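# Overview (structure and organization)
Take a look at the letters that make up each chain.
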Amino acid sequence: ARSAEGGGFNTARDATMSGPGRGKFRIEPFKHRVELDAQYAEKTWKILKDAIHEINHRNASGLSFEELYRNAYNMVLHRHGKALYDGLVATVTEHLVEIAGLVDAVQGDHFLQELERRWQDHTKSMQMIRDILMYMDRIYVHPHGLKSVHDLGLALWRDHVMRAASIKPRVRAAVLGAINRERGGEQINQSLVRAVSSMLMDLGEDVYVLDFEEPFIATTVEFYRAEAQSYLASSDCHDYLRRSEQRLDEEAARVKEYLNVRSEARVVACVEEELLSRQMRAVLGMPGSGLVAMLQDDKHDNLALVYALFKRVRDGLGAVKEMMAEHVKAEGKGLVMDPEKEKDPLEYIEGLLRMKSKYDASIKAAFGNDRNFVNALHHSFEYFVNINTRSAEYISLYVDDKLRRGLKGASEDEVEQVLDRVMILFRFLQEKDVFEKYYKQHLAKRLLGGRTTSDDAERSFIVKLKTECGYQFTSKIEGMFNDMRTSRDTMAAFRSHLEEQLKS
């Protein structure tokens, strides 16, 4: 058979002429030696380079992309991939250095517009170039660990345009300046800022973070740190919180409108830190309008705003709960230590019950019955109820008054409501045995004097005490009722006996 170099057929028998397949031939096509011009690569690259130049200058309408693809294909096929790739890098770099100069020459508000326009041109050009060099991308670039044509275009724009010494700081200043103007109430070209933000993200998340997000967060901290001081000087507590809520909504909306979503959590956290966390005590402690004033005046809507905002920050609700508890303790201590209140035990207990109902309502309406606040309120009441050693006696006197005369004519439901309210205060007592002593004394007087309004009410209250404290606590009290019942039964039997004696 002729050799490939001779240009004839190249035939070959199978590995052996015996056995299955004997006598079959494999026929291969002609293999012509391709004689290349010594300057083939240089000439072909010149064609491609000129085409890339035309594409970069938006003059691609007269180009044959099929022919250009074939030229690039042949260069790679004949092992000139490196020359093709290096030439591409040099040509695009040269073009982008020129573009950087043109962009930098634009002044004022048109600077970002020019940058964005040039960026759009670059991305379209690189898409066309990528189509021409598709074979190089697949056969040469990937095996050699090089950047694809698409990624190369991004990297070169980043290095020679976006991060050019004269452009990078101007882009940052223009975008951050626009955002701060919008924060001040001006209208800005949001679509332009969105386009620049998108460009930075296309260049790589690290570019977006380092070139924009980090300085953006720093200026956000600076802006809201100053604004917090301005708010504190010009607002009451509710107004401060309302404006803070508005700013939080604005920043979240700003990210959704024209920044990358990854920035939302960071910028919102900055606003929360500067307007809420750092100013927490100063805002909530504002005289006449802070948390204490809201609690005193039952401003449930304002308290609900406090809860919603400080729920967002670390230890925020803990601080609100602590301040509420401090206030309730102070108010309660003032009540139980008031000499005038001690002159009227019934008013003393009514005052405690009104206070409990008031704060129960606030916690329900404003804090959604948050268990942490409910428990804090209970601990506060337990603290000041036990400061006055006569609280147990006064609770017993209050029950005595209700069961002797205060519940006369009341419905069963009304009786239960009164007794349940009393049990709330009873649970706060630490020395329940003191209450038991006074209660037995008062109960004995009611029973012996026949002055109780309702045996059912008496028994209902004893059941509540048993449920709360166990059988041992109420055994002697129940014994008193049994003794009275035995006494009544004995007296009835005695009267019946006397009547029978008189008849006989």
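Provided above is the structure to which this section pertains.
No experiment lies behind these values; they were computed from the predicted model shown.

## Structural notes on the overall build of the protein
- Broken down by element type, the protein carries 23 helices and 2 strands.
- Out of the 504 residues in the protein, the part that is buried amounts to 43%.
- A separation of at least 24 residues holds for 74% of the contacts in the protein among residues at least 6 apart in sequence.
- As displayed, the protein has an accessible area near 27200 Å², and 50% of this comes from carbon and sulfur atoms.

## Here we look at the environment of Ser244
- Tracing the backbone through its elements, the reader meets Ser244 in helix H10 (residues 237-258).
- Overall, the relative accessible area of 0% leaves Ser244 in the buried class.
- Distance in space between the C-alpha atoms of Ser244 and Glu274 is 9.8 Å, their sequence separation being 30 residues.
- Contacts of Ser244, omitting those with residues within four sequence positions, involve Tyr231, Leu275 and Leu276.

## Remarks on the pattern of salt bridges
- One pass over the full model with this rule turns up 40 salt bridges.
- Put simply, Arg117 and Glu114 hold a salt bridge, and the shortest N to O gap is 3.0 Å. Taken together, the positions of Arg117 and Glu114, both in helix H4 (residues 110-132) and 3 residues apart, correspond to about one turn of that helix.
- Looking at Arg117, the relative accessible area reads 33%, which means it is partly exposed.
- A salt bridge links Arg181 to Glu186; the nearest nitrogen and oxygen atoms lie 3.7 Å apart.

## Considering the side chain of Ser235
- Inspection of the secondary structure puts Ser235 in the loop between helix H9 (205-234) and H10.
- Within the structure, Ser235 has its side chain in polar contact with the side chain of Asp239 (distance 3.3 Å).
- Of the polar contacts made by the side chain of Ser235, one reaches the side chain of Arg243; its length is 2.7 Å.
- Other than its neighbours up to four places away in sequence, Ser235 contacts Tyr240, Arg243 and Met286.

## Describing the packing of aromatic side chains
- Scanning the entire structure with this criterion turns up 15 aromatic pairs.
- Where Tyr208 meets Phe212, the ring centres are 5.4 Å apart and the plane angle is 55°; that geometry is what we call tilted. With Tyr208 and Phe212 both in helix H9 and 4 residues apart, this pair spans about one turn of that helix.
- With relative accessibility at 0%, the residue Tyr208 sits in the buried group.
- Aromatic rings pair up to connect Phe426, Phe435, Tyr439 and Phe461 into one cluster.
- Between Arg183 and the ring centre of Phe223, over which it is positioned, the NZ or CZ distance is 5.4 Å.
- Taking NZ or CZ as reference, Lys358 lies 5.7 Å from the ring centre of Tyr359, over its face.

## Let's talk about unusual backbone geometry
- The backbone of Asp315 sits at a positive phi, close to 65°, despite the residue not being glycine.
- Counting through the fold element by element, Asp315 comes out in the loop between helix H14 (300-310) and helix H15 (316-336).
- What makes Asp315 exposed here is its relative accessible area of 57%.
- Phi at Asn369 is positive, roughly 55°, even though this residue is not glycine.
- Note on placement: Asn369 falls in the loop between helix H17 (345-367) and helix H18 (371-385).

Thresholds applied
Residues numbered from 1 in each chain as written. Predicted model: local features only at pLDDT ≥ 70, side-chain atom pairs only at ≥ 80, totals over all residues. Heavy atoms only, no water. Helix = DSSP H or I, 4+ residues; strand = E, 2+ residues; numbered from the N terminus. Buried < 20%, exposed > 50% of the residue type's maximum accessible area, 1.4 Å probe, protein only. Contact = heavy atoms within 4.5 Å. Areas by Shrake-Rupley, 256 points an atom, 1.4 Å probe, with all protein chains shown as cover. Salt bridge = Lys/Arg side-chain N within 4 Å of Asp/Glu carboxyl O. Polar contact = N/O pair within 3.5 Å; in protein donor to acceptor, adjacent residues only side chain to side chain. Phe/Tyr/Trp six-rings, centres within 6.5 Å; stacked < 30°, edge-to-face > 60°. Lys NZ or Arg CZ within 6 Å of the ring centre and 35° of its normal.

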